[in-house]
Amino acid sequence: MAKSKMQEVVDGIYVEPVPITVGDEVKLKYKGILATAGAKSIYLHTGYGFDQWTDVQDIKMKKGRDGSWSASLVVNNPTRLNFCFHDGADHWDNNYGRNWSYDIHDGELTD
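What comes next concerns the included structure. (Residues numbered from 1 in each chain as written. Predicted model: local features only at pLDDT ≥ 70, side-chain atom pairs only at ≥ 80, totals over all residues. Heavy atoms only, no water.)

## Overview of the environment of Tyr30
Within the secondary structure, Tyr30 is located in strand β4 (residues 25–30). Separated by 38 residues in sequence, Tyr30 and Ser68 have C-alpha atoms that sit 5.6 Å apart. With near-sequence residues (within four places) excluded, Tyr30 lies in contact with Gly12, Ile13, Ala35, Ile42, Met61, Ser68, Trp69, Phe85 and Asp93. Within the structure, Tyr30 has its side chain in polar contact with the backbone nitrogen of Leu34 (distance 3.0 Å). A distance of 2.7 Å separates a polar atom in the side chain of Tyr30 from a polar atom in the side chain of Asp93. (Helix = DSSP H or I, 4+ residues; strand = E, 2+ residues; numbered from the N terminus. Contact = heavy atoms within 4.5 Å. Polar contact = N/O pair within 3.5 Å; in protein donor to acceptor, adjacent residues only side chain to side chain.)

## Describing unusual backbone geometry
Pro17 follows Glu16 through a cis peptide bond whose omega is -5°. Cis geometry is adopted by the peptide bond preceding Pro19, which originates at Val18 and carries an omega value of 0°. Within the element layout of this structure, Pro19 appears in the loop between β2 (13–16) and β3 (20–21). Although it is not a glycine, Asp55 sits at a positive phi angle of roughly 50°.

## A closer look at the nonpolar core
Soluble globular proteins: nonpolar side chains tend toward being buried together. Ranked by size, the top nonpolar core spans 26 residues in total, and within it Tyr30, Ile42, Leu44, Leu81, Phe83 and Phe85 carry the most contacts. Counting residues per element, the ones that place at least two in this core are β2, β4, α1 (33–36), β5 (43–48), β8 (69–74), β9 (80–86) and β11 (100–105). (Core = buried A, V, L, I, M, F, W, Y, C linked by side-chain atoms within 4.5 Å. Buried < 20%, exposed > 50% of the residue type's maximum accessible area, 1.4 Å probe, protein only.)

## A short note on the side chain of Thr46
Here Thr46 lies in strand β5. At 2.9 Å, the side chain of Thr46 forms a polar contact with the backbone oxygen of Asn82. In contact with Thr46, other than residues within four places in its own chain, are Trp53, Asp55, Val56, Gln57, Ile59, Leu73, Leu81, Asn82 and Phe83.

Functional significance is not addressed by these values, which are geometric in nature.
Here you go:
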């Protein structure tokens, strides 16, 4: 399966590559509500798993000239990548409580 360029998931959320395979460096770009509201900093809040998140971390995003924010991480867990965003001042963009999630592929090709 060929991987795509940066894909807009929903208004202002972009992910690359898609699909995600263990070992990939995943790049996320954010132009959502926190960015348009003028946040001074934005963090990518991420973890792995299905019912409960593990390996949870906050990654400080970098602001781009176009007003977007970006961060990247290397996916090292073969379950599901989950993420949302916050500004460090208790304002969250979490997809209305659903977050964003991507199943992670193991790289095996199937027939």
